[in-house]
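Here are the chains, one letter per residue:
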Amino acid sequence: MDERIAQHLDRAAATASAHAAVPGRDRQDAVARVGSAHHAETLGLTVSKVHEPTGLFDRRYEPSMSVVLRGRKRSIVGDDDQVWGRERFIITPVDLPVVAGVVDAAGEDGFVAVVWRLDPAVVGEVVASMTVPAGAAVATGAAASASSRADAVSPLPRLGSWTGPLADAFARLVGLLDAPEDIPVLFPLVSREVVLRLLQTEQAPRITAALDGTGVSVVAGATALLTGRMSEAWSMERLARELRVSESTLFARFKEATGMTPAQYLKRTRLGEARRRMVVHGDTAAQAAAAVGFRSASHFSRDYREAYGRPPAADAVVVRAQLALATAV
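Residues numbered from 1 in each chain as written. Predicted model: local features only at pLDDT ≥ 70, side-chain atom pairs only at ≥ 80, totals over all residues. Heavy atoms only, no water.

J.: Before we move on, can you summarise the nonpolar core with the specific residues and values?
T.: Counting 42 residues, the largest nonpolar core has Met65 and Trp162 as its most contacted members. Formed by 37 residues, the second largest nonpolar core is a distinct cluster that contains Val77, Leu225, Met278 and Tyr308. (Core = buried A, V, L, I, M, F, W, Y, C linked by side-chain atoms within 4.5 Å. Buried < 20%, exposed > 50% of the residue type's maximum accessible area, 1.4 Å probe, protein only.)

J.: Outline the confidence of the model for the protein, listing residues and values.
T.: Per-residue confidence for the protein gives a mean pLDDT of 85; residues scoring 70 or more make up 84%. Looking at the elements of the protein, mean pLDDT is at its lowest for helix 6 (residues 143-151), recorded as 41, and at its highest for helix 7 (residues 164-175), recorded as 97. Below a pLDDT of 50 lies the segment residues 24-32, which in the model reaches 3 contacts outside its immediate sequence neighbourhood of four places, other chains included. Contacts from residues 139-153, a stretch scored under 50 in pLDDT, to residues over four places away or in other chains number 5 contacts. (pLDDT = per-residue confidence, 0-100. Helix = DSSP H or I, 4+ residues; strand = E, 2+ residues; numbered from the N terminus. Contact = heavy atoms within 4.5 Å.)

J.: How would you summarise the sheet that holds strand 7 (residues 96-104) if you had to cite specific residues and measurements?
T.: Within the open sheet, the 4 strands sit side by side as 2-7-4-5. Their pairing is antiparallel. Sheet topology places strand 2 (57-61) and strand 5 (80-84) at the edges, where each strand pairs with a single neighbour. The average angle at which neighbouring strand axes cross in this sheet is 30°, direction not considered. Pairing of strand 2 with strand 7, which is carried by 5 bridges, proceeds in the antiparallel orientation. Bridge assignment links Tyr61 to a residue of strand 7, and that residue is Leu96. (Pairing = 2+ DSSP bridges. Axes fitted to C-alpha atoms, helices over the stretch in contact; angles between N-to-C directions.)

J.: Can you tell me about a nonpolar patch on the surface, naming the residues and giving the values?
T.: A cluster of nonpolar side chains, namely Val185, Leu186 and Leu189, defines an oily patch on the protein surface of about 280 Å² accessible area. With respect to the helices, strands and loops of the structure, Leu189 is situated in helix 8 (residues 183-199). Under the relative-accessibility criterion, Leu189 is labelled exposed at 56%. (Patch = residues over 30% accessible without salt bridge, like charges linked within 9 Å, V, L, I, M, F, W, Y side chains within 5 Å. Areas by Shrake-Rupley, 256 points an atom, 1.4 Å probe, with all protein chains shown as cover. Salt bridge = Lys/Arg side-chain N within 4 Å of Asp/Glu carboxyl O.)

Right, dumping it as structure tokens:
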């Protein structure tokens, strides 16, 4: 990693670590961080810190930029299984079901990560203001891969590469946690700068995936339907009809933006919700499977074991114990 980029990220890590709430810390520490949490919410930031590796948990990521500043994390989206750290970042263009956990807690310093919520309105404003099209700075080097995607749909790489200007802007965004009095003036400026720098990387197509110039994009509309009505029987034909687009357009845009087909997305969403029902509400495997739309108990058990490595009931017991340990004093 370039030394200047490393320095910017070190600065962001120190600030984020100082403002992160750590599970299991005493009540006084928690009270002291209430102000930090409020400022982080204003900035659209979620700051996390843990001192031990964790299990893999289901999470839903809204449009965001995810950054690991210390340690390493494992993230599974569809068939894409990545272990990554601060040398990369991840853009989530639309609401996505992700299985993730900490695999390296960075010793005494602790694992530190930041998720920054992307505001579609700000993204649209910056895109409209750019004199050079988004991603043009890296378009020449990516021309061959873009051409191949036209013939055979493939997802964009999920892991983005830092540039010096992007790392600097991101560090200044996180740095506003130390200067809450500056947030009203500087946040609108810095947030737009971070979006601009992101749009100058190879991740530009991911960032603009939720924008199509006509309101809700095809991809965002599809994820909303599949998430909000997951128990219904969906096919490509029905989904495309509801969105008033062709099946080929839906498939191509969805796969490129999310890395999954609509069917894979629906299955992962159903499994995550079934797991949550068993762990949080105590549903049986049969109850959870039926609630999320699985028509066959055997198919549910097979898909669940394939996704999480254990049968549904046994996995729920393990995850419940892990959650209890994570929140223990």
